[in-house]
Amino acid sequence: MKILKIFIIVFLSIGFSQLKSDEKNSELKTKILKNIRCLICQGQSVYDSESDFASSIKLIVDKKINEGLQEETIYDFLREKYGDWIVYEPGFNKNTYILWLLPLLLFLFGGAIMYKKIKKN
Amino acid sequence: MKNRFNLFVIIVFLFFCFIIFYKGLNNSNTYSPKISENIYIPTFVAKDFNSNTYFNSEKIFEEPIFYIVNIWASWCVPCRTEHPLLMELSKNQSIKLIGLNYRDNLSNAKNFINTFGNPYHQILIDKNGILSVEFGAYGVPETFIINKNKKIIKSFSGPINQKIVEEIKLIIE
């Protein structure tokens, strides 16, 4: 009886951990697909699009996740094939550094002006 | 004096914004990706259209010659317009054409080949479009030129025309 109980507990815990990992993969897949642009229905993400291109990308992302690839590696794979534009969130590189740094610079600049004004008053 | 200067700065700034947005209006809002060129062909295993057996990419591109990979489908109308040009290219002995049958019904595809002729040395089946993504394609038809070092040196999205055929011939020579 005791052995049977242990067996059931082990069996259920294996089952649950499998479920958990499937759920994790599916969350990751959704996250990645929402961050990829569809090149056919431009303005839609691959997640929202029903085009042939989008369904191929969905399959390939699924395949890469099952192969154990990380999120960034999958983006890199797609960037290599289609360029930076395929990903909604642009990476930090020589073409995008102004985009990333400008808000920070403006924030610092605004902060400096405010600081000066407050100090003056 | 200070107020006038401020007004001047504001007008210049607004004018600058106007120019940027006005120029932006004329830009095309459809993005066509610049397909990576000068990269090695992907390694893959694909099903052959005629024999239904599987081939790996090394076997398909084994000869040290130029290859042309053409993505096509029987349901794709522009593929019909470029087909005679592919037939013309297939007469050239120094290149081999590889067809990638994209998301197609097999019997329709066979009918297409029987009706319009077969310009391809080998046709591979890309049932779910994964193979085309590996090549960096996003639609049909698309054509890739692969050099003797197995690198994609040029790609054309959309149907090829006479001008592109001449360009391909020049590259091969």
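Because the structure is a prediction, the values reported are computed rather than measured.

(A) Just the confidence of the model for chain A, in detail. Taken over all residues, the pLDDT of chain A has a mean of 87, while the share at 70 or more is 95%. Between the elements of chain A, mean pLDDT differs from a low of 79, seen in helix α1 (residues 2-34) of chain A, to a high of 94, seen in helix α2 (residues 52-66) of chain A.

(B) Looking closely at the pairing of strand β2 (residues 45-48) of chain B. Residues and elements named next belong to chain B. Both β2 and strand β3 (residues 54-56) contribute to a ladder of three bridges, which runs antiparallel. From the neighbouring strand, K47 faces β3, where its bridge partner is Y54. For β2 and strand β6 (residues 122-126), the ladder comprises two bridges, and the chain directions are antiparallel. Each bridged residue has a counterpart across the sheet, and for D48 the counterpart in β6 is L124.

(C) Spotlight on the sheet that holds strand β4 (residues 66-72) of chain B. Residues and elements named next belong to chain B. The mixed open sheet is built from eight strands, whose spatial order is β1-β8-β7-β4-β5-β6-β2-β3. Both outer strands of the open sheet, β1 (39-40) and β3, are each paired with one neighbouring strand and no more. Running over the sheet, helix α4 (residues 106-116) touches β4, β5 (95-102) and β6 and is turned about 120 degrees from β4.

(D) A look at a positive patch on the surface. On the surface, a cluster of positive charge is made up of A:K116, A:K117, A:K120 and B:K2. Ranked by the residues each element gives to the positive patch, the list is headed by helix α4 (residues 97-120) of chain A, at three residues. If you trace the backbone, A:K117 turns up in helix α4. When its relative accessible area of 58% is taken as the criterion, A:K117 is described as exposed.

(E) Seen up close, the state of the cysteines. One pass over the full model with this rule turns up one disulfide over all chains. The disulfide that involves B:C76 links it to B:C79, with 2.2 Å between the sulfurs. Here the S-S torsion is close to 95 degrees, and the disulfide linking B:C76 with B:C79 is therefore right-handed. Here B:C76 and B:C79 have matching classes, each one buried. A:C38 carries a free sulfur, and the closest cysteine sulfur to it, the one in A:C41, is 4.0 Å from it.

How each quantity is defined
Residues numbered from 1 in each chain as written. Chains lettered and ligands numbered in written order. Predicted model: local features only at pLDDT ≥ 70, side-chain atom pairs only at ≥ 80, totals over all residues. Heavy atoms only, no water. pLDDT = per-residue confidence, 0-100. Helix = DSSP H or I, 4+ residues; strand = E, 2+ residues; numbered from the N terminus. Pairing = 2+ DSSP bridges. Contact = heavy atoms within 4.5 Å. Axes fitted to C-alpha atoms, helices over the stretch in contact; angles between N-to-C directions. Patch = residues over 30% accessible without salt bridge, like charges linked within 9 Å, V, L, I, M, F, W, Y side chains within 5 Å. Areas by Shrake-Rupley, 256 points an atom, 1.4 Å probe, with all protein chains shown as cover. Salt bridge = Lys/Arg side-chain N within 4 Å of Asp/Glu carboxyl O. Lys, Arg positive; Asp, Glu negative; His and termini not counted. Charge placed at Lys NZ, Arg CZ, Asp CG, Glu CD. Buried < 20%, exposed > 50% of the residue type's maximum accessible area, 1.4 Å probe, protein only. Disulfide = S-S within 2.5 Å.

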